[in-house]
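This is what each chain is made of:
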Amino acid sequence: MDALPQLIASAIVLGGIYALVSIGLTLIFGVMRIVNFAHGEFLMLSMYLAIGLSTMIGVDPYIGLFVAIPLSLVFGAAVYYIVVRPVIARPHVVQIFTTLGLSIVLQNAALFFWTANFRQLRLSYGDQVLVIAGAAITMPQLIAFAVAALFTAVLFAWLRFTFLGKAMRATAQDPKAATLMGIDTGKILLIAFLVGTMCVCVAGMLMAPLFSTYPTVGLQFVLVAFVVVVLGGLGSAVGALVGALIVAFLDVIGGFYVGTAWKEVLYFVVFIAVLLLRPAGLLGQRGAEELGR
Amino acid sequence: MQIRQILGSRSVPEHFVVATLFGIALCVALFSDNLFLQDAIILTLMWAGLASAWNIAGGLAGQISLGHAAFFGLGAYTSTLIKIHLGWSPWIGMLCGGVLVVVVSGFIAFAATRLRGPYFALLTLAFAAVVQIIAARWYSFTRGNEGLAIAFQPGLGNFIFTDKLSWTIVIIVFVLVLYSIGVWNARSRFGFQLAGMREDEDAAQAIGIDTRMLKVATIAVSAFFTALGGTFYAQYVGFLDPGYVLSVDLSVKFALMCIIGGLGTPSGPILGAILITALEMYLRAKWGGARSGLYLMVYGVLLILIVRLMPEGLVRGIPKWLKGRRRARAA
């Protein structure tokens, strides 16, 4: 049982990162009702950005966030206007295959420019370890968790208390009613997409020192994010946080007791079970999956 | 004028085009000694069959699946493992795989009947991911990522032929059966019920259509033929690995061919398969060697453009476009 504190600490750190990836996805999913299959590729691109900033101009990835966030907003806006907006009112097939197409393009662009080699961002202080209550946490893990937690908290406050946040929640609940209340839902969709992209960009920058980067890295994490989003409930930011922690615990503790080879099966089985038994998720609106629009 | 008529009017010319394609394939297999061309035709027909099988669930019933690679892989693995462990003929293995997949997909469809749109796609995606992980990690049974090789022992009973003509005939029969299902569907009571469900599920239920039964039936049939295609792939190519036969990319490929050709049309998936296979070969030959990734980038851009500009597919889109131009010229 000596391993337990360590497992819990690892799970919480991982959960914080998963939460940030998933909140981005759930915002886009909840407000736009579009599953962004390219979300994982956004993550992959920002991981490459962190490596690029660090190796080419020697910028620390955490300071690089100040460059990455504006870049992600520009990128998000470009993707929104060129790729996403024209398909918002179209059938599901069109939406699904548009974002899948985008994911294929970005994945192979990465393969083209940076090859399939695994890259690892190493920081000078990357090996520093802090021991907290019997659990060892590396410096990049600690920073990643702190920044992710800060971002999540700010986002929650923003969604809860600001006018724009309320408008966004209203649009997620009922776009028609929101429009009738005078909310510019077109603008809200853009903002949701931008905030979602920004979240995943921050997550990518934080993850670059922790995980290897390669062109298909996004797929692995986006599948986790889908699990989290569906588990937590469509469009629910709190749900995403709870879901992220649950999945992270399954990931770490399942990895320890069942073996890393099989832990993925564990959370996919949970995912399928949730979809089949309570498709609205733990904290989602009931029936959202049946409306499907 | 001729082509315009063929594309513009309904079914009979469509049958004519499909029959001509089969004729060309047979002629090449019979009279040509260009092995590359024969191989390309067999593979194209295989993709045409698989896209047509996807079309039954995705096009006719409107159930967008991103997990058909699981059915494909289960079919391929079942027949291959049965051959290796029990020594039974792959023909029997193919039927076993088909039955297995009918049970599995029927269960999924039955349980998922409430899920619509993207939720169903996510469910099937997750299911395929589970199957892929199991096949990759259960080393003692599936040889994991090393893959399985099918011993080359030619013979009708072993489902391995030395001449391309036999392969061509087998795969033509496969595509023909699926094409017939599509044609039959377009004019049957069953097909009209499916169309009703696809357009408005609530309205269909309200007039007494058992949508759950329809979904289970279409998905099971679609999965069954996908599994048969999987066995054909295993026998023809002679090698299986979970990284390819169970990948998301493969599921997307089935769907993509079908969407480009025309969702829900009998000849659309065949046309889509021809276009995509030809495009893949061309792009790979042109740019594949220099830097990998480029050809798939082009492929992705085309996917985005085609679903946006011609979501009804080429089979319906082109005649509509021609008609529109003719009308514009007349005005």
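Parameters and conventions
Residues numbered from 1 in each chain as written. Chains lettered and ligands numbered in written order. Predicted model: local features only at pLDDT ≥ 70, side-chain atom pairs only at ≥ 80, totals over all residues. Heavy atoms only, no water. Contact = heavy atoms within 4.5 Å. Buried area = accessible area lost by both parts, 1.4 Å probe. Helix = DSSP H or I, 4+ residues; strand = E, 2+ residues; numbered from the N terminus. Nonpolar A, V, L, I, M, F, W, Y, C, P; charged D, E, K, R; others polar. Core = buried A, V, L, I, M, F, W, Y, C linked by side-chain atoms within 4.5 Å. Buried < 20%, exposed > 50% of the residue type's maximum accessible area, 1.4 Å probe, protein only. Axes fitted to C-alpha atoms, helices over the stretch in contact; angles between N-to-C directions. Parallel < 35°, antiparallel > 145°, perpendicular 65-115°, else oblique. Left-handed = near helix turned anticlockwise from the far one by under 90°. pLDDT = per-residue confidence, 0-100. Patch = residues over 30% accessible without salt bridge, like charges linked within 9 Å, V, L, I, M, F, W, Y side chains within 5 Å. Areas by Shrake-Rupley, 256 points an atom, 1.4 Å probe, with all protein chains shown as cover. Salt bridge = Lys/Arg side-chain N within 4 Å of Asp/Glu carboxyl O. Pairing = 2+ DSSP bridges. Phe/Tyr/Trp six-rings, centres within 6.5 Å; stacked < 30°, edge-to-face > 60°. Lys NZ or Arg CZ within 6 Å of the ring centre and 35° of its normal.

## Overview of the interface of chain A and chain B
On the chain B side, the residues contacting the 42 residues of chain A number 40 residues. Around 4,000 Å² of area is buried between chain A and chain B when both sides are counted, 78% of it from carbon and sulfur atoms. For the side of chain A that touches chain B, the elements supplying multiple residues, two or more each, are α3 (61-84), α4 (92-114), α9 (217-232), α11 (260-277) and α12 (288-291) of chain A. Ranked by the residues each element gives to the side of chain A that touches chain B, the list is headed by α4(A), at 16 residues. Of the residues contributing to the side of chain A that touches chain B, the split by class is 32 nonpolar, 6 polar and 4 charged.

## A look at the nonpolar core
Counting residues in each nonpolar core, the largest one holds 205 residues, and the members touching the most others are F97(A), F226(A) and F268(A). The residues contacting F268(A), other than those within four sequence positions of it, are L223(A), V227(A), A126(B), A129(B), V130(B) and I133(B).

## A short note on the packing of helix α4 (residues 68-86) of chain B against helix α5 (residues 90-111) of chain B
For any two helices packed against each other, the geometry comes down to the angle between their axes and how far apart the axes lie. Residue and element names in this part refer to chain B. At a minimum axis distance of 8 Å, the contact between α4 and α5 shows a crossing angle of 140 degrees. Classed by the angle they form, the pair α4 and α5 counts as oblique. Note that α4 runs across α5; the crossing there is right-handed. Here F71, L74, G75, T78, S79, I82 and K83 of α4 come into contact with α5, specifically with P90, G93, M94, C96, G97, L100, V101 and S105. A class-by-class count of the residues in the contact of α4 with α5 yields 8 nonpolar, 6 polar and 1 charged.

## A closer look at the environment of L60(B)
Residue and element names in this part refer to chain B. Following the sequence through the fold, L60 ends up in helix α3 (residues 35-60). On the basis of relative accessible area, L60 is assigned to the buried category, the value being 6%. Measuring from C-alpha to C-alpha, the distance between L60 and L263 comes to 7.5 Å, with 203 residues separating the pair along the chain. Not counting the four nearest positions on each side in its chain, L60 is found in contact with N55, N185, L194, R198 and G264.

## Observations concerning the confidence of the model for chain B
Residues and elements named next belong to chain B. With 95% of its residues at a pLDDT of 70 or more, chain B has an overall mean of 83. Mean pLDDT across the elements of chain B ranges from a minimum in helix α1 (residues 2-8), with 45, to a maximum in helix α11 (residues 211-237), with 90. The low-confidence segment residues 1-9 (pLDDT under 50) makes 8 contacts with residues lying over four places distant or belonging to another chain. In the predicted assembly, ipTM is 0.81 and pTM is 0.85.

## So, a nonpolar patch on the surface
Residue and element names in this part refer to chain A. The grouping of L4, I8, I12, L245, F256, Y257, V258 and L266 at the surface amounts to a nonpolar patch, some 640 Å² of accessible area in total. Where the nonpolar patch is concerned, the elements lending two or more residues are α1 (3-32) and α10 (237-257). Along the chain, I12 turns up in helix α1.

## Looking at the packing of helix α2 (residues 39-56) of chain A against α9(A)
All names here are of chain A. Their axes nearest at 7 Å, the elements α2 and α9 cross at an angle of 130 degrees. With respect to α9, the axis of α2 lies oblique. As α2 runs across α9, the sense of the crossing is right-handed. On α9, the residues touching H39, G40, E41, L43, M44 and M47 of α2 are V217, G218, L219, F221 and V222. Along the lines of polarity and charge, the residues of the contact of α2 with α9 split into 7 nonpolar, 3 polar and 1 charged.

## Here we look at the pairing of strand β1 (residues 129-132) of chain A
Residues and elements named next belong to chain A. Where β1 lies against strand β2 (residues 135-138), 4 bridges are found, and the strand directions are antiparallel. Each residue of the ladder has a partner; that of L130, found in β2, is I137. Between β1 and β2, which pair antiparallel and follow one another directly, the connecting turn spans 2 residues, one of which, A133, has a positive phi of 45 degrees.

## Overview of the packing of aromatic side chains
Summed over the entire model, instances satisfying the criterion amount to 24 aromatic pairs over all chains. Here F72(B) and Y233(B) contribute two aromatic rings whose centre-to-centre distance is 5.4 Å and whose plane-to-plane angle is 55 degrees, an arrangement assigned as tilted. Residue F72(B) is located in helix α4, and its partner Y233(B) is located in helix α11; the two are separated by 161 residues in the primary sequence. Y233(B) gets classed as buried once you look at its relative accessible area, which sits at 10%. Pairwise contacts between aromatic rings join F42(A), F75(A), Y80(A), Y81(A) and F193(A) into one cluster. If you follow K253(B) out to its NZ or CZ, it ends over the ring of W47(B), 3.9 Å from the centre. Above the face of the W321(B) ring, R325(B) is positioned so that its terminal group lies 5.1 Å from the ring centre.

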